[in-house]
Amino acid sequence: MKPVPPATPLRRAPVQRRSAERLTRILDACAELLDEVGYDALSTRAVAERAGVPIGSVYRFFGNKRAMADALAQRNLEHYTERVAGRLGGPDGAGDWRAAMDAVLDEYLAMKRTAPGFSLVDFGNQIPVGTGHAEPNIRVADRLTELLSGYLDRTPDEDLRRSFLVAVEAADTLVHLAFRVAPQGDEGIIAETRQLLRAYLGRVLD
């Protein structure tokens with residue numbers, strides 16, 4: 001089980017370990033139920049029953065199911081960042097940008113295939129959450145810029161941020177197409193996505 005990152009907006013942040021564990025159970029239950037019944041049929045009462053907590057515990061943290069989806073999307077982003085950083089061995093030191101982009105795409109595909117609730121919530125794209133700078137792909141691009149700039153020995157300026165945002169938007173669209181074509185992602189479309197990212201980012205990072 002993955003803990004909720006401190007940055008997640010909550011009605012009340014957990015202070016004690018018991019409270020944090022309860023919050024984690026709530027989000028785990030939310031993710032499982034999203035896969036089983038979808039977002040429209042999701043209810044805070046069903047989440048509470050699945051998590052084994054009183055309904056009041058859910059409302060202590062979240063005002064509604066949309067807030068739960070937002071928190072789950074944020075947790076997914078934290079988990080994704082950790083997975084990419086683990087593949088790269090940490091953000092420090094210069095490295096091969098093609099290997100870094102493979103890690104970025106591979107870990108996203110792995111979460112699409114295995115993470116509960118991810119196919120609906122993603123990082124917030126399927127159930128839109130937030131506005132402006134909180135827009136999901138902007139959040140992802142900003143996080144990747146922070147993570148990869150040190151690894152690639154690049155300055156995290158606006159040009160790099162813009163390039164990563166374009167790459168994220170393109171990859172997001174194509175990966176969703178791949179999963180519409182095949183349940184586990186069409187390998188041909190995924191291969192084309194990888195080549196497109198390399199061709200585009202090669203102009204910026206070579």
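Below is a summary of the structure that appears in this document. It should be emphasised that the depicted structure is a prediction, and the values quoted were computed from it without experimental measurement.

1. Some points on the pattern of salt bridges
Counted under the stated rule, the structure contains 17 salt bridges. Among the ionic pairs, Glu 107 bridges to Arg 87, the shortest N-O distance being 3.1 Å. Separated by 20 residues along the polypeptide, Glu 107 in helix 5 (residues 97–114) and Arg 87 in helix 4 (residues 65–88) bring together distant segments of the chain. Judged by relative accessible area, which is 43%, Arg 87 ranks as partly exposed. Asp 142 is the partner of Arg 161 in a salt bridge, and the nearest nitrogen-oxygen pair spans 3.1 Å. Of this pair, Arg 161 sits in helix 8 (residues 158–181) while Asp 142 sits in helix 7 (residues 136–151), and the two are 19 residues apart along the sequence.

2. Considerations on the packing of aromatic side chains
Tallied over the entire structure, the rule returns 6 aromatic pairs. With a centroid separation of 5.3 Å and 85° between ring planes, the pair formed by Phe 118 and Phe 123 is classed as edge-to-face. Each member of the pair Phe 118 and Phe 123 is classed as buried. The positively charged end of Lys 65 is found above the aromatic ring belonging to Tyr 39, 4.6 Å away from the centroid. Seen from the ring of Phe 179, Lys 112 lies directly overhead, with NZ or CZ sitting 5.0 Å from the centre.

Reading guide: rules and limits
- Residues numbered from 1 in each chain as written.
- Predicted model: local features only at pLDDT ≥ 70, side-chain atom pairs only at ≥ 80, totals over all residues.
- Heavy atoms only, no water.
- Salt bridge = Lys/Arg side-chain N within 4 Å of Asp/Glu carboxyl O.
- Helix = DSSP H or I, 4+ residues; strand = E, 2+ residues; numbered from the N terminus.
- Buried < 20%, exposed > 50% of the residue type's maximum accessible area, 1.4 Å probe, protein only.
- Phe/Tyr/Trp six-rings, centres within 6.5 Å; stacked < 30°, edge-to-face > 60°.
- Lys NZ or Arg CZ within 6 Å of the ring centre and 35° of its normal.

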